[in-house]
Amino acid sequence: MKKFWPLLWGILPGSLLGIYFLPEWDFVLQIPIGHFYIVTLCTFVALVASLLITYLLGEEIVLRHRFVGLAFATMAGTFFVHGMSTSGALIIGFNPGIQWGAWLTFFSGGALFVVGTFDRPERPLATRIYQLCQKIVFVLYMIFVLIVMFAPQILTSIATILSPFHTTFLFGTTMVLWVTVGIRLFMTWQVTTIRLDGILSVVAWWQVWATISMYQTELWHLSWWLYHIFLLLGAVVALWTLRAQYEQGQLFQLTPYYVAMGLILIAVLAMLTTYGLEQAIVSFSFIGLTDMEGALVYVRRLGLGLGIVMMGGLFVGLWLVVRRAGGILKEREQALQKAYVDLKQAEDLRDDLTHMVVHDLRTPLTGLGLSLDLLKKVAGQPEQVEKQAALVQKAQHSAQNMLNLVNQLLDMSKLEAGKLQLQTEAVVMRRVVEERLTGFLLQAEQDGVELKNEVGVDLPLVRGDVDLIGRVLDNLVSNGIKHSERDGIVTIGGRVDNGWVRVYVEDEGTGIPEKYVDTIFEKFNQVIDEDGKPVRQGTGLGLPFCRLVVEAHGGEIGVDSELGRGSRFWFTLPVVDGAH
């Protein structure tokens, strides 16, 4: 039974039409003006709701479900014309728009639903077809409205010429359309098992019964009123389910909701104003109006006009306020989204930092542990004195590497917070470079890289923190050696540049891709190869540390690089006043 519930729920309500064969139950309920108020208000609300839901859901939903919103918006708009054309309400005499509005409501809706059913999971429909249908519907609807308002005789002529075949054709065609929709949507639901597809199949069958009720029952009888009920329930169920299907993940938008609710409220108050004026005229009918019908038509028009104008002015004023409030909410929403993205990035950076620090600490820890294990094995053996000394030196080196990493993390934190106090003094750059290069001689020899100190003895004194400047050089020289090919050269030089000393470290390595040049000094940033892997494992803290140190001295840091031709990292430091 679960496999056939759309058919059962769709077909069983058709049994209500059985009252057509029970005259004692199929009583007459002739209330033309009530029909005007009920149909006009309900269809206007349905039209606004259809447009609102279609707008809010946007283009992210399945195309056949987008056709649901378009179909019911078209049906509501067309049936609205049917209600407004009620004889004796706003129009004196008969206007064929009341008939054609009802006929075309079901015909147009069925046609759009049929097109939508061609959007199948295995063969999706092109979006351009939906867009084309939108344009065609808009043009045809405007033509129909203009004909009803200014040239209703055209509709009368068509009906006269084609009678009685036009009603037979429209009834038969509309039935075929809705039966086709019911069957195709049922088949789609069996494939997708999407609840909305099953419910839309049910709604399609309701429109089949509504079509029979409209064409085959007698005017104003209860069986005739059933098609209004089937139509209204179909719209409510379809739109409600459509909204529920896609409401997850939809952002709340204040302005569209306000516009929709404001328009509905204007319609309700305009109808109440109209009804109030109408009742006032009826109550004072003793004053001797010769044309009561004409007076009531005039009053209804006046009431609708006054209601729309008065509430429309209030609507526009409040709309400006709501629009501004909606803008503020959107800004807050964007700020929250950005804060969430920033928080997520911070969490990712934290995870990356944890991974990188663990990786960088594991290497010296492993070396330290191995050195101590070996040292334990050769302890107390006089003939192993040299080996013991070498193991102690390796252990000290590993411990120093760990200490340097920890100090770098702590110093970066202080630099970022502005809490690290610089111990500035007059610094001779050539001497600092000589001292720092001494510590890299062994590494450079092992890697087959030559180190050159081209800092001139006549370079002016700079003011800075010797230890921090030395650590900047350590990072840049270390990177230069690691990224140089064997027999490459790493050159350290310096020159005066507009009252500043510019120090550079130049290598003949692989160079840096252009897209990384502007971000390489950011925290945790690393150059990635074509496979998405870092070119060199590490914390990505060395260059950001250099940037913070140089900026703390008031200088600048940068890199000039070309792929395949090496890189030149440079930084500037202030010259001591009066230095030469």
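Rules behind the numbers
Residues numbered from 1 in each chain as written. Predicted model: local features only at pLDDT ≥ 70, side-chain atom pairs only at ≥ 80, totals over all residues. Heavy atoms only, no water. Core = buried A, V, L, I, M, F, W, Y, C linked by side-chain atoms within 4.5 Å. Buried < 20%, exposed > 50% of the residue type's maximum accessible area, 1.4 Å probe, protein only. Helix = DSSP H or I, 4+ residues; strand = E, 2+ residues; numbered from the N terminus. Contact = heavy atoms within 4.5 Å. Salt bridge = Lys/Arg side-chain N within 4 Å of Asp/Glu carboxyl O. Phe/Tyr/Trp six-rings, centres within 6.5 Å; stacked < 30°, edge-to-face > 60°. Lys NZ or Arg CZ within 6 Å of the ring centre and 35° of its normal. Axes fitted to C-alpha atoms, helices over the stretch in contact; angles between N-to-C directions. Parallel < 35°, antiparallel > 145°, perpendicular 65-115°, else oblique. Left-handed = near helix turned anticlockwise from the far one by under 90°. Expected span 1.5 Å × (residues − 1). Arc of directions from axis to C-beta. Pairing = 2+ DSSP bridges. Patch = residues over 30% accessible without salt bridge, like charges linked within 9 Å, V, L, I, M, F, W, Y side chains within 5 Å. Areas by Shrake-Rupley, 256 points an atom, 1.4 Å probe, with all protein chains shown as cover. Nonpolar A, V, L, I, M, F, W, Y, C, P; charged D, E, K, R; others polar.

J.: Looking at this structure, how should I read the nonpolar core?
T.: One broad trend across soluble globular proteins is that nonpolar side chains are buried collectively. In this structure, Phe67, Phe72, Phe106, Phe113, Trp178, Tyr227 and Leu242 are the most contacted members of the largest nonpolar core, which totals 64 residues. Elements with a contribution of two residues or more to this core: α2 (32-57), α3 (63-84), α4 (97-117), α5 (127-150), α6 (153-162), α7 (165-192), α8 (195-216) and α9 (222-246). Per-element accounting of this core gives the leading share, 13 residues, to α8. Once residues within four sequence positions are removed from consideration, Tyr227 is found in contact with Phe79, His82, Ala102, Phe106, Ala210, Ser213 and Met214. In terms of nonpolar packing, the next biggest core, distinct from the first, is built from 40 residues, Val433, Val455, Val550 and Phe571 among them.

J.: Explain the pattern of salt bridges here, please?
T.: Pairing is possible between side chains of opposite charge, provided their charged atoms come close. Following the criterion strictly, the structure yields 11 salt bridges and no others. With a shortest N-O distance of 3.0 Å, Asp197 and Arg64 are connected by a salt bridge. With Asp197 in helix α8 and Arg64 in helix α3, the pair connects residues that are 133 residues apart, well separated along the chain. With relative accessibility at 7%, the residue Arg64 sits in the buried group. For Glu551, the salt bridge is made with Arg547, and the minimal N-O distance between the two is 3.4 Å. Linking Glu551 with Arg547, this pair stays in helix α17 (residues 542-552), spanning four residues, or about one helical turn. Accessibility expressed as a relative area gives 24% for Arg547, which makes it partly exposed. Overlapping salt bridges, with partners in common, bring together Arg436, Asp467, Arg471 and Asp474 in one network.

J.: How should I be thinking about the packing of aromatic side chains in this particular structure?
T.: Any two aromatic rings considered together are summarised by their centre-to-centre distance and by the angle between their planes. According to the stated counting rule, one finds 19 aromatic pairs in the structure shown. Ring centres of Phe44 and Phe80 lie 6.0 Å apart, and the angle between their planes is 50°; on these two criteria the pair is classed as tilted. Of this pair, Phe44 sits in helix α2 while Phe80 is found in helix α3, placing the two residues 36 residues apart along the sequence. Aromatic pair Trp100 and Trp103: ring centres 5.1 Å apart, planes at 70°, arrangement edge-to-face. Of the two residues, Trp100 and Trp103 are both situated in helix α4; the distance of three residues between them amounts to about one turn of the helix. Classification of Trp103 by relative accessible area gives buried; the value is 10%. Taken together, Phe79, Phe106, Trp220, Trp224, Trp225 and Tyr227 form an aromatic cluster joined through their ring pairs. Here the basic side chain of Arg184 rests over the ring of Phe118, its NZ or CZ set 4.3 Å away from the ring centre. A cation sits over an aromatic face here: Arg568 above Tyr504, 3.9 Å from the ring centre.

J.: Sorry, what's going on with the packing of α2 against α9 here?
T.: At a minimum axis distance of 11 Å, the contact between α2 and α9 shows a crossing angle of 20°. Between α2 and α9, the crossing angle belongs to the class labelled roughly parallel. For the pair α2 and α9, the sense of crossing is left-handed. Across the interface between the two elements, His35, Val39, Cys42, Ala46, Ala49, Ser50, Ile53, Leu56 and Leu57 of α2 pack against Trp224, Trp225, His228, Leu232, Leu239, Leu242, Arg243 and Tyr246 of α9.

J.: Where do I start with helix α10 (residues 254-283) in this structure?
T.: Residues spaced three or four apart along an α-helix point in a common direction, a consequence of the helix completing one turn every 3.6 residues. The terminal C-alpha atoms of α10 lie 43 Å apart, and with 30 residues this matches the ideal 44 Å at 1.5 Å per residue to within 8%. Where α10 is concerned, the buried positions are Pro256, Tyr258, Ala260, Gly262, Ile264, Ile266, Ala267, Ala270, Met271, Thr274 and Glu278.

J.: Would you take a moment to explain helix α13 (residues 429-438) for this structure?
T.: The complete set of buried residues in α13 reads Met429, Val432, Val433 and Leu437. An end-on view of α13 places all buried positions within 125° of arc, on one side of the element. The exposed residues of α13 that point more than 90 degrees off its buried face are Arg431, Glu435 and Thr438.

J.: I would appreciate a short explanation of the environment of Gln443 in the present structure.
T.: Take Gln443: it is sitting in helix α14 (residues 441-447). The spatial distance from the C-alpha of Gln443 to the C-alpha of Ser478 is 9.0 Å, given a sequence separation of 35 residues. In contact with Gln443, other than residues within four places in its own chain, are Ile481 and Lys482.

J.: Even after reading the chapter, I still don't get the sheet that holds strand β5 (residues 500-506), so can you show me in this structure?
T.: The strands making up a sheet are joined through hydrogen bonds of the backbone, oriented either antiparallel or parallel. Strand order across the open sheet formed by five strands is β2-β4-β5-β7-β6, with mixed pairing between neighbours. The open sheet terminates on both sides in strands that have one partner only, identified here as β2 (450-454) and β6 (557-562). In this sheet, neighbouring strand axes are inclined to one another by 15° on average, regardless of whether the strands run parallel or antiparallel. With six bridges connecting them, β6 and strand β7 (residues 566-574) associate as antiparallel partners. Bridging from a neighbouring strand, Glu562 pairs with Gly566 of β7. Each of β2, β4 (489-497), β5 and β7 touches helix α15 (residues 466-482); the most contacted strand, β7, lies at about 175° to it.

J.: Would you explain a nonpolar patch on the surface in this entry?
T.: On the surface, a nonpolar cluster with roughly 660 Å² of combined accessible area is contributed by Leu132, Ile136, Phe138, Val139, Leu140, Met142 and Ile143. Here Phe138 lies in helix α5. According to the relative accessible area criterion, Phe138 is exposed, its value standing at 55%.

J.: I tried to follow unusual backbone geometry on my own but got confused; where do I start?
T.: If a residue is not glycine, its phi is most likely negative; likewise, a peptide bond is most likely trans. A cis amide bond, omega 0°, links Ser163 with the succeeding residue Pro164. Structurally, Pro164 is set in the loop between α6 and α7. Positioned with a positive phi, Thr193 is a non-glycine residue whose angle comes to about 60°. Mapped onto the fold, Thr193 is located in the loop between α7 and α8. Phi at Asn498 takes a positive value of approximately 55°, unusual for a residue other than glycine. Turning to its location among the elements, Asn498 is positioned in the loop between β4 and β5. By relative accessible area, Asn498 is classed as exposed at 73%.

J.: I would appreciate a short explanation of the environment of Phe186 in the present structure.
T.: Its location among the elements puts Phe186 in helix α7. Between the alpha carbons of Phe186 and Leu7 there is a distance of 7.6 Å; along the sequence they are 179 residues apart.

J.: Help me out: how do you make sense of the packing of α4 against α8 in this one?
T.: Angle between the axes and distance between the axes: these two values describe a pair of packed helices. Contact geometry of α4 with α8 gives a least axis separation of 11 Å together with a crossing angle of 155°. By the criterion of interaxial angle, the relationship of α4 to α8 is roughly antiparallel. Every pair of crossing elements has a handedness; the one defined by α4 and α8 is left-handed. Here Ala102, Trp103, Phe106 and Phe113 of α4 lie close against α8, whose contacting residues are Leu200, Gln207, Ala210, Thr211, Met214 and Tyr215. For the contact of α4 with α8, the residue count by class is eight nonpolar, two polar and no charged.

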